[in-house]
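Given next are the chains, with one letter for each unit.
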Number of protein chains: 4
Amino acid sequence: MQELTTKDKQETYKKLLEAAVKAAEQSYSPYSKFPVGAALLAKDGRIFTGCNIECSTWDGTTCAERTALVKAVSEGYREFVAVAVVCKKLKDCWPCGICRQFLAEFGLNLDVIVEGTDGTLSIMTLSELLPQAFGPHSLPR
Amino acid sequence: MQELTTKDKQETYKKLLEAAVKAAEQSYSPYSKFPVGAALLAKDGRIFTGCNIECSTWDGTTCAERTALVKAVSEGYREFVAVAVVCKKLKDCWPCGICRQFLAEFGLNLDVIVEGTDGTLSIMTLSELLPQAFGPHSLPR
Amino acid sequence: MQELTTKDKQETYKKLLEAAVKAAEQSYSPYSKFPVGAALLAKDGRIFTGCNIECSTWDGTTCAERTALVKAVSEGYREFVAVAVVCKKLKDCWPCGICRQFLAEFGLNLDVIVEGTDGTLSIMTLSELLPQAFGPHSLPR
Amino acid sequence: MQELTTKDKQETYKKLLEAAVKAAEQSYSPYSKFPVGAALLAKDGRIFTGCNIECSTWDGTTCAERTALVKAVSEGYREFVAVAVVCKKLKDCWPCGICRQFLAEFGLNLDVIVEGTDGTLSIMTLSELLPQAFGPHSLPR
């Protein structure tokens, strides 16, 4: 876990978490009844939000983090600083392996932020959450 | 195939196809080098666009249609009229089965529009493209 | 829908459906509680069976048809004649779009068999279930 | 990283890696041209093998680890000891995040084995590879 080094960073990440809470309100999760929200901070300061969207076939379901990411990428963004994730029914809820992999496509140097069980922010980097990651660098050129 | 019944519809669908062409410019497809764009028309007239976004693991890749759909759903939209799809390297390119399934979550009564090999619009409904569809109605309550 | 042209074919497909029923017993579906079984008939007569296997993240879930298919492919099989699918809680339950797409990788000339609501076999070809299919032929060479 | 504690374990894991190498021969990877094999050791000693199987839509592609896992689960197996993974074109190639998540469904206490760049075995547990894992325990009951 990283320490929050500056007051600014803490302020920014709190706002990101609040954006994720708000994004979860649009969740389409009739099967799991487990709404999730995410907010992705791009390098230039713009925030993209997402929620989980389920599919009756189970597979095909898209998590909140990936919804936020595809929104950002489809608008030309490729560099990101941090992503906050909020599961309304579970504190200390980190991204699933599928989202970790998809986020890794755009860099492992990403802060991942969740709300801890004690109400404080918890932060880990994507490289901590996906050690020995497979990624664009793994494929032969 | 459906006939375009009114001039208005044709105008709208042409614009939708143009939006899909433009959306394909943001495609992140370094592995397939097969850029795709989509534009989804919501019931109230708003258009959401998307592109394909690939993952070095192949699985996890998100098609243009699903990118557009999750953008719309994450902003509270649930009802759609039509989706246009453009593959820059292939005419007459219809959505894959995965996208057909995911789109079906929000209704089979959707016009799907592609550019035909002769330059004209081709239209099929999602119910024609995914006959005998599994969907929310299939699950026991 | 195709007519069953010979008594032999009907016998074979009945057995395939029975194998799918048996395969569903191994289903891992704690989230949907919707067990599914499949049986895939290879060109040389060998039958591969599969069940649905769910993931707590919803996405990542693998349907019965894809389980059967990857078993067959991983043992060197590439050519298939028919696949039978049985949903224990739903008659007349056809493969989802994701499975249709994955099966299409190995040819659209595949008979898909389900148990109809009246107890008889229903058969459609994969090319009927996935018209205008995207597939290996769609990619530029 | 864990130390190999006994000569027996090392022998077993070497054999598992050899089974993965052999399994990669069946790989269907015409798009990535990146064949992968996996071998999964069940608690009772049985070994299930798998290879990666690609889909022209990119999404839908199934990695070698998941192929091996669905084979095992569809035959009634639920408890596993270790999985070996071999990428023919890349040493020190660990499972992707999607596979880590899917394997986690059946327990994080799993040894994951790859061939290191120096020819020796490298071992990590799944709980090391997917820290703070989302899993069956995360969902409300």
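Scroll up for the structure.
Residues numbered from 1 in each chain as written. Chains lettered and ligands numbered in written order. Predicted model: local features only at pLDDT ≥ 70, side-chain atom pairs only at ≥ 80, totals over all residues. Heavy atoms only, no water.

Participant: Help me out: how do you make sense of the overall build of chain A in this one?
Facilitator: For chain A, the helix and strand inventory stands at four helices and five strands. Counted from the first residue to the last, chain A has its helices and strands arranged as α-β-β-α-β-α-β-β-α. Dimensions of chain A, computed from C-alpha atoms along their principal axes, come out at roughly 45 × 40 × 30 Å. Evaluated residue by residue, chain A yields a buried proportion of 62% over its 141 residues. Expressed as a percentage of contacts within chain A between residues at least 6 apart in sequence, the contacts between residues at least 24 apart total 61%. Accessible surface for chain A amounts to roughly 5600 Å². Of this, 48% is attributable to carbon and sulfur atoms. For chain A, the distance from the average site of its 16 positive side-chain charges to the average site of its 17 negative ones is 4 Å. (Helix = DSSP H or I, 4+ residues; strand = E, 2+ residues; numbered from the N terminus. Buried < 20%, exposed > 50% of the residue type's maximum accessible area, 1.4 Å probe, protein only. Contact = heavy atoms within 4.5 Å. Areas by Shrake-Rupley, 256 points an atom, 1.4 Å probe, with all protein chains shown as cover. Lys, Arg positive; Asp, Glu negative; His and termini not counted. Charge placed at Lys NZ, Arg CZ, Asp CG, Glu CD.)

Participant: Help me out: how do you make sense of the relation of the copies chain B and chain A in this one?
Facilitator: Between the two copies of this chain, the relationship is a rotation about some axis together with a displacement along it. You can overlay chain B on chain A at an RMSD of 0.0 Å; the transform is a turn of 180° with a shift of 0.0 Å along its axis. The two molecules are tied by a two-fold rotation axis, judged by turn and shift. Ranked by how close their C-alpha atoms come to the rotation axis, the residues of chain B are headed by Lys71(B), at 3.0 Å. A share of 100% of the interface residues of chain B reappears at the interface of chain A, consistent with the copies meeting face to face through the same patch. (Least-squares fit on C-alpha atoms with pLDDT ≥ 70 in both.)

Participant: What's the story with the pattern of salt bridges in this structure? I'm lost.
Facilitator: Side chains that carry opposite charge are capable of pairing whenever their charged atoms lie near each other. As enumerated under the stated definition, the model contains 24 salt bridges over all chains in all. Notably, a salt bridge pairs Lys9(C) with Asp111(C), separated by 3.4 Å at the nearest N-O pair. Remark: Asp111(C) occurs in strand S4 (residues 111-115) and Lys9(C) occurs in helix H1 (residues 7-23); sequence separation between them is 102 residues. For Lys9(C), a relative accessible area of 22% puts it in the partly exposed group. Here the residues in one salt-bridge network are Arg46(A), Glu75(A) and Lys71(B), joined through shared partners. (Salt bridge = Lys/Arg side-chain N within 4 Å of Asp/Glu carboxyl O.)

Participant: Looking at this structure, how should I read the relation of the copies chain B and chain D?
Facilitator: By a simple turn and slide, chain B fits onto chain D: the slide is 0.0 Å along the axis, the RMSD is 0.0 Å, and the turn is 180°. Of all interface residues in chain B, 100% are interface residues in chain D too; the two copies therefore contact each other through one and the same surface.

Participant: Explanation requested: the side chain of Arg66(B) in the structure shown.
Facilitator: With respect to the helices and strands, Arg66(B) occurs in helix H2 (residues 64-74). Take Arg66(B): its relative accessible area is 5%, and that puts it in the buried class. Not counting chain neighbours up to four residues away, the residues in contact with Arg66(B) comprise Thr61(B), Ile98(B), Cys99(B), Phe102(B) and Asp59(D).

Participant: Hey, could you run me through the interface of chain B and chain A in this one?
Facilitator: Frequently, the measure chosen for interface size is the accessible area removed from exposure when the parts meet. The interface of chain B with chain A comprises 31 residues on the first partner and 31 residues on the second. Taking both partners together, chain B and chain A bury about 2500 Å²; carbon and sulfur atoms supply 65% of that area. There are two salt bridges connecting chain B and chain A. Residue Lys71(A) pairs with Glu75(B) through a salt bridge whose shortest N-O separation is 4.0 Å. In this assembly, chain B and chain A are joined by ten residue pairs in polar contact (both at pLDDT 80 or more). Put simply, the parts of the chain that give the side of chain B that touches chain A at least two residues each are strand S2 (47-51), H2 and helix H3 (97-104) of chain B. The element best represented in the side of chain B that touches chain A is H2(B), accounting for five residues. (Buried area = accessible area lost by both parts, 1.4 Å probe. Polar contact = N/O pair within 3.5 Å; in protein donor to acceptor, adjacent residues only side chain to side chain.)

Participant: What am I meant to see in the nonpolar core here?
Facilitator: In summary, soluble globular proteins display a tendency toward joint burial of nonpolar side chains. Residues Phe80(A), Phe80(B), Phe80(C) and Phe80(D) are the most contacted members of the largest nonpolar core, which totals 156 residues. In this structure, Phe80(B) is in contact with Leu40(B), Leu41(B), Ala42(B), Lys43(B), Leu69(B), Ala72(B), Val73(B), Phe106(B), Asn109(B) and Leu110(B), ignoring residues within four places of it in sequence. (Core = buried A, V, L, I, M, F, W, Y, C linked by side-chain atoms within 4.5 Å.)

Participant: Quick question: what am I supposed to make of the packing of aromatic side chains here?
Facilitator: Any aromatic ring pair is given by two values, namely how distant the centres are and how the planes are angled relative to each other. In the structure shown here, the tally under the stated rule is 22 aromatic pairs over all chains. Ring centres of Phe134(A) and Phe34(D) lie 5.9 Å apart, and the angle between their planes is 70°; on these two criteria the pair is classed as edge-to-face. One end of the pair, Phe134(A), is in the segment after helix H4 (126-129); the other, Phe34(D), is in the loop between helix H1 (7-23) and strand S1 (36-42), on a second chain. A connected cluster of aromatic rings, assembled from ring pairs, spans Tyr31(A), Trp58(A), Tyr31(C) and Trp58(C). (Phe/Tyr/Trp six-rings, centres within 6.5 Å; stacked < 30°, edge-to-face > 60°.)

Participant: I'm lost on the interface of chain B and chain D in this one. Help?
Facilitator: Counting residues at the interface gives eleven residues for chain B and eleven residues for chain D. Carbon and sulfur atoms make up 65% of the area that chain B and chain D hide from each other, which totals about 1000 Å². The three residues of chain B that bury the most area against chain D are Thr57(B), Trp58(B) and Asp59(B), which together make up 61% of that side's buried surface. Here chain B is connected to chain D by two salt bridges.

Participant: Could you clarify how one ought to interpret the state of the cysteines in this entry?
Facilitator: Linking two cysteines covalently via their sulfur atoms produces the bond known as a disulfide. Residue and element names in this part refer to chain C. Scanning the model with the defined rule gives four disulfides over all chains in all. Each sulfur of the disulfide joining Cys87 and Cys93 lies 2.2 Å from the other. On the sign convention where negative is left-handed, the bridge of Cys87 and Cys93, at about -50° about the S-S bond, is left-handed. Pair check on accessibility: Cys87 and Cys93 agree, each one buried. Free of any disulfide, Cys96 has its nearest neighbouring cysteine sulfur in Cys63, separated by 3.9 Å. (Disulfide = S-S within 2.5 Å.)

Participant: Help me understand the sheet that holds strand S4 (residues 111-115) of chain B in this model?
Facilitator: Within a beta sheet, neighbouring strands are joined by backbone hydrogen bonds and run either parallel or antiparallel to one another. Residues and elements named next belong to chain B. Across the sheet, five strands lie side by side as S2-S1-S3-S4-S5; this open sheet has mixed pairing. At either margin of the open sheet sits one strand with a lone partner, and together these are S2 and strand S5 (121-125). Going across the sheet, the axis of each strand differs from the next one's by a mean of 20°, ignoring polarity. Here S4 pairs with S5 via five bridges, running antiparallel. Bridging across to S5, Asp111 finds its partner in Thr125. Across the sheet, H2 lies against strand S1 (36-42), S2 and strand S3 (80-87), angled at about 140° from S2, the strand it touches most. (Pairing = 2+ DSSP bridges. Axes fitted to C-alpha atoms, helices over the stretch in contact; angles between N-to-C directions.)

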